[in-house]
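Working through the structure, step by step
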Amino acid sequence: MAGPAPQQTDLDGVDGGVGLTALLVAAARAIETHRHDSLAQDAYAEHFVRAAPACTHWPVRIEQVPDGDDNPLWGRFARYFGLRTRVLDDFLLRSARANARQVVLLGAGLDTRAFRLDWPSDLVVFEIDRAGVLAFKQQVLTGLSAAPKVKRVPVPVDLRAGWVTALTTAGFDPAVPSVWLAEGLLFYLPGPAETYLIDTVDRLTTGGSSLAFEAKLETDLLAYRDSPIYTATREQIGIDLLHLFDKEPRPDSAGDLRAKGWSTSMHTPFDFTQQHGRGPVPEANDALEGNRWVFAHKPRP
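The model shown is predicted, which means the values in this text are computed figures rather than measured ones.

Scoring rules and cut-offs
Residues numbered from 1 in each chain as written. Predicted model: local features only at pLDDT ≥ 70, side-chain atom pairs only at ≥ 80, totals over all residues. Heavy atoms only, no water. Helix = DSSP H or I, 4+ residues; strand = E, 2+ residues; numbered from the N terminus. Buried < 20%, exposed > 50% of the residue type's maximum accessible area, 1.4 Å probe, protein only. Contact = heavy atoms within 4.5 Å. Pairing = 2+ DSSP bridges. Right-handed = clockwise from strand over helix to strand, strands pointing away. Salt bridge = Lys/Arg side-chain N within 4 Å of Asp/Glu carboxyl O. Polar contact = N/O pair within 3.5 Å; in protein donor to acceptor, adjacent residues only side chain to side chain. Axes fitted to C-alpha atoms, helices over the stretch in contact; angles between N-to-C directions. Core = buried A, V, L, I, M, F, W, Y, C linked by side-chain atoms within 4.5 Å. Phe/Tyr/Trp six-rings, centres within 6.5 Å; stacked < 30°, edge-to-face > 60°. Parallel < 35°, antiparallel > 145°, perpendicular 65-115°, else oblique. Left-handed = near helix turned anticlockwise from the far one by under 90°. Nonpolar A, V, L, I, M, F, W, Y, C, P; charged D, E, K, R; others polar.

**Side note on the overall build of the protein chain**
- A count of helical and extended segments in the protein chain gives 11 helices and seven strands.
- The C-alpha extent of the protein chain, read off along each of the three principal axes, is 65 × 50 × 35 Å.
- The buried share of the protein chain, reckoned over its 301 residues, is 57%.
- Long-range pairs, those at least 24 residues apart, make up 76% of the contacts in the protein chain with a sequence separation of at least 6.

Set out below in structure tokens:
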């Protein structure tokens, strides 16, 4: 007599392509969480990895990696994602404690900040991503009986579709200060889509709002095709990031925001490695060389 059928998990949106990169970041956050010198804690991350059949062999602790931190993917690259998580956590919390009463996560993926950060109680977190990604996340979190710490509003819509209407219909109020995050998102979008997104954030925000996003400055991404990080990611887990990244010239979104009156600052990840005392440092043929973290603030009238 056959045993019970295994529980079916909704994998639409996370089982390939850009969606699979959300699981890569989740695995990195899990590894960071279990480090003795962790920069960011995400107790949910490893459960996403374990719920997706494509990732069952991925590590969730650095001790599970034979060459440990010498592994370009699960050592250096994962540490990069851990550092990025911490830096963006800090930015969002600072913004929320200052002005913002709304958080908008663009391409939220498997982000669990609504569940793991200590937000002001009157805050609302909007998570925009494809329906399949949000459904997979919700299924895993429901199985863990996880409860968000603030009001959380999933907005299931593709960022290439009519997401503004979906967001405002879900309750976002442009008259209330907000903080927006595009973490590991923009370099997957065509240049015009990035420009539209940045213009739309400007249009939907009032003074006192803020935005953080990640950019890549390389004029030729393929020059780094043989870098240790990209090579290891292709060979060890079958994700070709350079195939997924948009190859066209990137817009100067930081400059566009400054032209609209925002104040902006741009940093390398290595700036924060120095600040926190851990994280990636520059190396030869470095796929992280062109990565920039941009923080923008819209002044009050």
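Alright, that's what it looks like, and here's the rest.
**Let's talk about the pairing of strand S3 (residues 151-156)**
- In this structure, strand S2 (residues 124-129) lies alongside S3, joined through six bridges in parallel fashion. What sits directly across from Phe126, in S3, is Val153.
- Once you follow S2 into helix H5 (residues 131-143) and on to S3, the crossover reads as right-handed.

**Some details on the pattern of salt bridges**
- Tallied over the entire structure, the rule returns 26 salt bridges.
- Residue Arg86 pairs with Asp90 through a salt bridge whose shortest N-O separation is 3.1 Å. Taken together, the residues span about one helical turn, with Arg86 and Asp90 both in helix H3 (residues 72-98) at a distance of four residues.
- Note on Arg86: relative accessible area 26%, which makes it partly exposed.
- Judged by relative accessible area, which is 24%, Asp90 ranks as partly exposed.
- One connected set of salt bridges, linked through shared partners, spans Arg29, Arg84, Asp89, Asp111, Arg113, Arg116, Glu183 and Glu214.

**A few points about the side chain of Arg84**
- Among the structural elements, Arg84 can be located in helix H3.
- Given the relative accessible area of 5%, Arg84 is considered buried.
- For Arg84, the side chain forms a polar contact with the side chain of Glu183, separated by 3.2 Å.
- Reaching out from Arg84, the side chain makes a polar contact with the side chain of Glu214 at a distance of 2.6 Å.

**Examining the sheet that holds strand S1 (residues 102-106)**
- In space, the seven strands of this open sheet follow the order S3-S2-S1-S4-S5-S7-S6, with mixed pairing throughout. With one partner strand each, in any of the chains shown, S3 and strand S6 (263-267) form the two edges of the open sheet. Each strand axis lies, on average, 15 degrees off the axis of its neighbour in the sheet, ignoring direction.
- Sheet topology places S1 next to strand S4 (residues 178-182); four bridges connect them, and they run parallel. The residue of S4 that forms the bridge with Gln102 is Ser178.
- Together, S1, S4 and strand S5 (210-216) form the strand contacts of helix H7 (residues 191-204), whose direction differs from that of S5 by roughly 170 degrees.

**A word on the environment of Val60**
- The topology assignment puts Val60 in the loop between helix H2 (45-51) and H3.
- Val60 sits 13 residues away from Leu73 along the chain, and the two C-alpha atoms are 12 Å apart.
- Not counting chain neighbours up to four residues away, the residues in contact with Val60 comprise Ala30, Ile31, His34, Glu46, Val49 and Arg50.

**Points about the nonpolar core**
- Ranked by internal contacts, the top residues of the largest apolar core, which has 72 residues, are Leu23, Phe48, Trp58, Trp74 and Trp119.
- Top contributing element to this core by residue count: H3, with 13 residues.

**Considering the packing of aromatic side chains**
- Scanning all chains against the criterion turns up 17 aromatic pairs.
- An angle of 55 degrees between the planes, with centres 5.8 Å apart, marks the rings of Trp58 and Trp74 as tilted. Taken together, the positions of Trp58 in the loop between H2 and H3 and Trp74 in helix H3 put the pair 16 residues apart, joining distant regions of the chain.
- Residue classification places Trp74 among the buried residues on the basis of a relative accessible area of 4%.
- Geometrically, the ring pair formed by Tyr80 and Trp293 is tilted, given 5.7 Å between the ring centres and 45 degrees between the ring planes. Pair noted here: Tyr80 is in helix H3 and Trp293 is in strand S7 (residues 291-297), with a separation of 213 residues, a long-range link.

**Some thoughts on the packing of H3 against helix H11 (residues 269-276)**
- Contact geometry for H3 and H11: axes closest at 10 Å, N-to-C directions at 80 degrees. If you check the angle between H3 and H11, you find them roughly perpendicular. The residues of H11 that touch H3, namely those facing Arg76, Tyr80, Leu83, Arg86, Val87 and Asp90, are Pro269, Phe270, Phe272, Thr273 and His276.

**Comments concerning the packing of H3 against helix H8 (residues 228-237)**
- Where H3 meets H8, the axes come as close as 9 Å, and the angle between the chain directions of the two elements is 130 degrees. Classified by the angle their axes make, H3 and H8 are oblique. Viewed along their axes, H3 and H8 form a crossing whose handedness is left-handed. Residues Pro72, Leu73, Trp74, Arg76 and Phe77 of H3 lie in contact with H8, whose contacting residues are Pro228, Ile229, Ala232, Thr233, Gln236 and Ile237.
- Looking at the contact of H3 with H8, its residues break down into eight nonpolar, two polar and one charged.

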